[in-house]
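Structure assessment
Residues per chain are reported as follows:
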Amino acid sequence: MPRLLAALSVAVALCAAATVEAQFRGRGGFGFGGMRTASAKDFDGSFHFCRIIFRNSIQGDGGGWSVDYPRADINFSIRLSELTKTHVSRDNTGEPNHLLVRLTDKELFDCPFVMMTEPGGAGFDDQEAAALRLYLDKGGFLWADDFWGEYAWNWWVGQLRKALPAPEFPIFDLPLDHPMFHTQFEVKKVPQIPSINFFFGGRGTSERGADSAVPHARAIADKQGRMIVLMTHNTDFGDSWEREGDDATYFVNFGPDGYAFGIDAVLYALTH
């Protein structure tokens, strides 16, 4: 059954890739000048892919919150609706309603799941850290993805510790027998997914060479043992979703693993 589901996910995505890519071109892209954050009227009880907007620190190491946006958010929402029974919110054209939120926005608390991309560059102030702590205490789930090497990891941990102090919230590596890896698909490894440009540069999958050779899925749990933070380090799940329609070779190598892991993670977050 897991092999069948994986095969179906490949078939669905490959069949849709040309159409999806044409839609992206025809849509003209999402200009950041027209960007807006979520408001209360955007939430309709269905699933929304919520992405955190954050400030980058000059001392950090990351490309910013908008890496992989918006195509990763759109594509993941579509595949989640196709490969599960999750009801995804859509607009009157059928486009998924994906949302942007700041840590200090009250709308954050309407998102049971939020994503951060390239968190190795993030800088949290006291107000943002307090809001993140409250969000997680109230049942929220944060996934931080796409940061490479030890410097980016250490910087991110330093920011996260403003909200979740180490004595109360230790970081641990998720074992492969953790329930998250078996929520729907059987995930048997933490895949290392490079950006599409790095991959086609012929340099393998580790974007920082020896400094990022091993991909990690690390986590923080609350006092009841519920996972509240997922951190995928030395890998880029967002690109496996964003770039599904750009090149068949890239998709076949990284798309099925990226979607299997991602769907398991989001279903776990929504049901725990």
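Structure report, in brief. None of these values were measured; they are calculated from a predicted model. (Residues numbered from 1 in each chain as written. Predicted model: local features only at pLDDT ≥ 70, side-chain atom pairs only at ≥ 80, totals over all residues. Heavy atoms only, no water.)

For Arg133, the position within the fold is in helix 3 (residues 126-137). Taking the C-alpha atoms as reference, Arg133 lies 9.3 Å from Leu160; in sequence the two are 27 residues apart. Residues contacting Arg133, with those up to four places away along its chain left out, are Ala163, Leu164, Pro165, Glu168 and Phe169. (Helix = DSSP H or I, 4+ residues; strand = E, 2+ residues; numbered from the N terminus. Contact = heavy atoms within 4.5 Å.)

The next point concerns the packing of helix 2 (residues 71-83) against helix 7 (residues 248-271). Two elements in contact, helix 2 and helix 7, have axes separated by 11 Å at closest approach and are oriented at 80°. The pairing of helix 2 with helix 7 is recorded here as roughly perpendicular in orientation. Note on element contacts: helix 7 touches helix 2 through Tyr259, Gly262, Ile263, Val266 and Leu267, opposite Asn75, Phe76, Arg79, Leu80 and Leu83. For the contact of helix 2 with helix 7, the residue count by class is seven nonpolar, two polar and one charged. (Axes fitted to C-alpha atoms, helices over the stretch in contact; angles between N-to-C directions. Parallel < 35°, antiparallel > 145°, perpendicular 65-115°, else oblique. Nonpolar A, V, L, I, M, F, W, Y, C, P; charged D, E, K, R; others polar.)

Summed over all chains, the structure comprises one disulfide. Linked covalently through their sulfurs, Cys50 and Cys111 form a disulfide whose S-S length is 2.2 Å. On the S-S bond that ties Cys50 to Cys111, the torsion sits near -70°, and the link is left-handed. Taken together, the residues span a long stretch of sequence, with Cys50 in strand 1 (residues 50-53) and Cys111 in the loop between strand 2 (99-102) and strand 3 (113-117) at a distance of 61 residues. Take Cys50 and Cys111: they sit in the same class, and that class is buried. (Disulfide = S-S within 2.5 Å. Buried < 20%, exposed > 50% of the residue type's maximum accessible area, 1.4 Å probe, protein only.)

Right, let's talk about the nonpolar core for a bit. With 38 residues, the main nonpolar core has Phe113, Trp143, Met180, Leu230, Trp241 and Phe261 as its most contacted residues. Broken down by element, the residue count for this core peaks at twelve residues, all from helix 7. Apart from the residues within four sequence positions on either side, Phe113 is in contact with Phe47, Phe49, Cys50, Tyr135, Phe141, Trp143, Val266, Ala269 and Leu270. With 37 residues, the next largest nonpolar core counts Leu100, Val101, Ala129 and Ala163 among its residues. (Core = buried A, V, L, I, M, F, W, Y, C linked by side-chain atoms within 4.5 Å.)

What follows is about the pairing of strand 1. Each regular strand displays side chains that alternate between the two surfaces of the sheet. Residues Cys50 and Ile52 line one face of strand 1 and the alternating positions Arg51 and Ile53 line the opposite face, and both faces are buried. Pairing between strand 1 and strand 2: four bridges, direction parallel. Across the sheet, Ile53 pairs through a bridge with Arg102, a residue of strand 2. Pairing geometry for strand 1 and strand 3, over two bridges, is parallel. (Pairing = 2+ DSSP bridges.)

The values reported here are purely geometric and, on their own, carry no functional implication.
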